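Coordinates in review
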Amino acid sequence: MKKLHPALSFLRRLGQNNDRAWFNAHRDEYEAARRQWFDEVDRLIARLATHHPEVAVRDARASSYRINRDTRFSPDKSPYKQWFAASFSPSPVRDAGAGYYLQLDSRPGESGLYAGMYCLDSAQLRKMRHAIVDNIDEFRGIIAEPGLRELYGDSWVGPALKTIPQGWPKDHPDADLLRLKSYGKFHELPQAFFSSPSWPEEAADMLAPTRPLVDFINYSLEEEL
């Protein structure tokens, strides 16, 4: 049996003891797992940069999220997340535009890879919808690529409108794409995946087929209507 990734080992026990006293008593273990995470994410970035050089703009520390939860507006007041996560994009500002996201999670079914952009604002949605319709053959070709479909399937992650957005014909042939409010794909990773010594390189190669989608979103949002 492969050895459990140190981050998962820590996060599982954190999930059962999600309070500051326990966390502070095990801070050394957390810091050790965090250092290994940074080392591995830097390897992922280096490999992903061979497919998409612009993602090398930030290192692992700048790409990773804090473990502390924002509990201000949540009924769940547990102070810590049960996952490690990082995002990578061509922008020097994290979470600006479309990019890639990685989550290593102690909860079954929650670890995985994401590519695209989540919850676009109204101005971004307007640009994206027009870009899709104006370049529909290109966009349909991108999402139909076998390399992307094999790993990420045909479904989209995130919310969608129940009806066609205002201003578009109800019988528009691309209504399935126009109703989306997020344009992203997700590939679930089993927790055992992170036990492989080469998981950062394998994950980067799994993200590679999504680059055309990421690029399409970013250049569409940069265009003037």
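Parameters at a glance
- Residues numbered from 1 in each chain as written.
- Predicted model: local features only at pLDDT ≥ 70, side-chain atom pairs only at ≥ 80, totals over all residues.
- Heavy atoms only, no water.
- Helix = DSSP H or I, 4+ residues; strand = E, 2+ residues; numbered from the N terminus.
- Rg over C-alpha atoms; globule rule 2.2 N^0.38 Å.
- Buried < 20%, exposed > 50% of the residue type's maximum accessible area, 1.4 Å probe, protein only.
- Contact = heavy atoms within 4.5 Å.
- Areas by Shrake-Rupley, 256 points an atom, 1.4 Å probe, with all protein chains shown as cover.
- Lys, Arg positive; Asp, Glu negative; His and termini not counted.
- Charge placed at Lys NZ, Arg CZ, Asp CG, Glu CD.
- Arc of directions from axis to C-beta.

Once that is clear, we can look at the overall build of the chain. Within the chain one finds 10 helices and four strands. Sequence-ordered secondary structure for the chain, helices as α and strands as β, is α-α-α-α-β-β-β-α-α-α-α-β-α-α. Taking 225 residues into account, the globule formula puts the C-alpha radius of gyration at 17 Å, and the chain, at 19 Å, falls close to it. The buried share of the chain, reckoned over its 225 residues, is 46%. Within the chain, counting contacts between residues at least 6 apart in sequence, those at least 24 apart form 67% of the total. Taken as a whole, the chain presents about 11,800 Å² of accessible surface, with 51% of it coming from carbon and sulfur. Of note, the chain has its 30 positive side-chain charges centred 7 Å away from the centre of its 32 negative side-chain charges.

Buried within helix α1 (residues 6-16) are the following residues: Ala7, Leu8, Phe10, Leu11 and Leu14. Viewed end-on, α1 has its buried residues packed into an arc of 165°, placing them on one side of the element. Looking at the packing, one finds that the buried side of α1 touches α2 (20-25), α3 (27-51), β1 (83-88) and β2 (99-105).

Here the focus is the environment of leucine 4. Topologically, leucine 4 is positioned in the segment before α1. Residue leucine 4 is classed as partly exposed on the basis of its relative accessible area of 30%. When the C-alpha positions of leucine 4 and valine 55 are compared, they lie 28 Å apart, and in sequence the two are 51 residues distant. The residues contacting leucine 4, other than those within four sequence positions of it, are Ser9, Arg12 and Ser195.

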